[in-house]
Amino acid sequence: MLSQPKYPVRTGNVNCNGVSIHYQDEGSESDPPILLIMGLGAQLTQWPQSMVNALIDEGFRVIRIDNRDVGLSSPSNSKIRFDLTRDSLKARLGIPIKNNYTLFSMVEDTAAVVDALKLGKVHVVGASMGGMIAQLFSALYPHRTESLTSIMSTTNDLNLPLPRVDILMNLVGYGIEKGHEKEVAVRRSLKFWKKISSPAYPTPESDMQERISLDFDRSYTPAGTLRQTHAILATGGFKHLLYRIKCPTQVIHGDKDPLVHMKGGIATYKAIPDSKLEIIRGMGHDFPIQLVPKLVELIAYNALTAKHA
């Protein structure tokens, strides 16, 4: 059974260069804001509601966004055609890639939400691709960033390990069931989530299926997920920018993550001055309910250090 909101939910949309970004805002507007940025193909609903509730209980206002091309945010398609297999090779060779957008575009989306809600400085938390966006936001907008928590993410540099082979093949469209009917899409997504979930902290299959089904009903955007994947490839590595981050930074990664290797998190930790690293044994590439209290504690403590800096 999935958790439900404990507090009133405010929603809205912010325009950024013709793209509409949907947000969900919970908690007291007078409390310090935490902005949660989700990963590849993931809607804001992928943040466990229990985590959101707990962060509000800790005294934070929690804002979640749907990145462009997923959820209730608008599509972002400049009609540039691409081939993920070909462009993956180009990325490994350092060859520039024509793109619809990059992670830098998504950073600008994030900044637009911060501006529209008049948040001032924010605590930024990102997971997976969202962690990359959060890192870049903190590097490019240090005056807007109170603290940074990067979870199961990476610097996207070429020397880092790729996802496990079967997962990588799935990401570029091989070895997966085809079709866009709800039953097929839910079954396909369930198989993928089983592969990347935390082995030491299992999530009941019924809970996974309920979340996937609800997300399908809210929004189903497979083309957007492909464009986001391409945006990651087109962005390339950004470790060289992370020295600019001066705020308290907490890096969190699982040692059983088959999608974003633990070395990605370690690379982030090494690139950001005075950052902290927490490796969680048995954690994969998900947010198991058993780890929510620990994750909230790490996020809240990191934010608290910013208040006393």
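Residues numbered from 1 in each chain as written. Predicted model: local features only at pLDDT ≥ 70, side-chain atom pairs only at ≥ 80, totals over all residues. Heavy atoms only, no water.

A. Focus on the overall build of the protein. What the protein contains, in helices and strands, is ten helices and eight strands. The C-alpha radius of gyration computed for the protein amounts to 18 Å, which stays within 12% of the reference 19 Å derived for 309 residues, consistent with globular compactness. Taken along its principal axes, the extent of the C-alpha atoms in the protein is 50 × 45 × 40 Å. Counting all 309 residues of the protein, 54% fall into the buried class. Long-range pairs, those at least 24 residues apart, make up 75% of the contacts in the protein with a sequence separation of at least 6. Summed over its atoms, the accessible surface of the protein is roughly 13600 Å², and 56% of this surface lies on carbon and sulfur atoms. Averaged over its 35 positive side-chain charges, the protein has a centre that lies 6 Å from the centre of its 30 negative ones. (Helix = DSSP H or I, 4+ residues; strand = E, 2+ residues; numbered from the N terminus. Rg over C-alpha atoms; globule rule 2.2 N^0.38 Å. Buried < 20%, exposed > 50% of the residue type's maximum accessible area, 1.4 Å probe, protein only. Contact = heavy atoms within 4.5 Å. Areas by Shrake-Rupley, 256 points an atom, 1.4 Å probe, with all protein chains shown as cover. Lys, Arg positive; Asp, Glu negative; His and termini not counted. Charge placed at Lys NZ, Arg CZ, Asp CG, Glu CD.)

B. The arrangement of the environment of E278 in detail. Here E278 is to be found in strand β8 (residues 276-280). It is 8.5 Å that separates the C-alpha atoms of E278 and G254, two residues lying 24 residues apart in sequence. There is a polar contact of 3.2 Å between the side chain of E278 and the side chain of K294. (Polar contact = N/O pair within 3.5 Å; in protein donor to acceptor, adjacent residues only side chain to side chain.)

C. Summary view of the side chain of E26. Residue placement: E26 occurs in strand β2 (residues 19-26). Take E26: its relative accessible area is 0%, and that puts it in the buried class. Ignoring any residue separated from it by four or fewer positions in sequence, one finds E26 in contact with P5, Y7, P8, V9, R10, Q49, V52, I56, R61, V62 and R64.

D. Inspection of the pairing of strand β5 (residues 122-127) at higher detail. Judged by how many residues are buried, β5 sits mostly within the fold: six of six residues are covered. Residues of β5 alternate between two faces, with V122, V124 and G126 on one and H123, V125 and A127 on the opposite face, all of them buried. As paired elements, strand β3 (residues 33-37) and β5 share four bridges and run parallel to each other. Looking at β5, one finds that I37 is bridged to G126. Inspection of the sheet shows β5 paired to strand β6 (residues 145-151) by six bridges, in the parallel sense. Within β6, the position partnered with V122 by the bridge is T145. Crossover handedness for the path β5 to helix α4 (residues 129-140) to β6: right-handed. (Pairing = 2+ DSSP bridges. Right-handed = clockwise from strand over helix to strand, strands pointing away.)

E. Up close: the sheet that holds β2. Strand order in the open sheet made by the eight strands is β1-β2-β4-β3-β5-β6-β7-β8, with mixed pairing throughout. Edge positions in the sheet fall to β1 (9-16) and β8, since each has one partner strand and no second. Averaged over all neighbouring strand pairs, the angle between strand axes comes to 20°, with direction disregarded. As paired strands, β2 and strand β4 (residues 61-65) are joined by four bridges and run antiparallel to one another. Each residue of the ladder has a partner; that of Y23, found in β4, is I65. Its contacts with the sheet place helix α10 (residues 292-307) against β3, β5, β6, β7 (249-254) and β8, and it is angled at close to 155° to β6. (Axes fitted to C-alpha atoms, helices over the stretch in contact; angles between N-to-C directions.)

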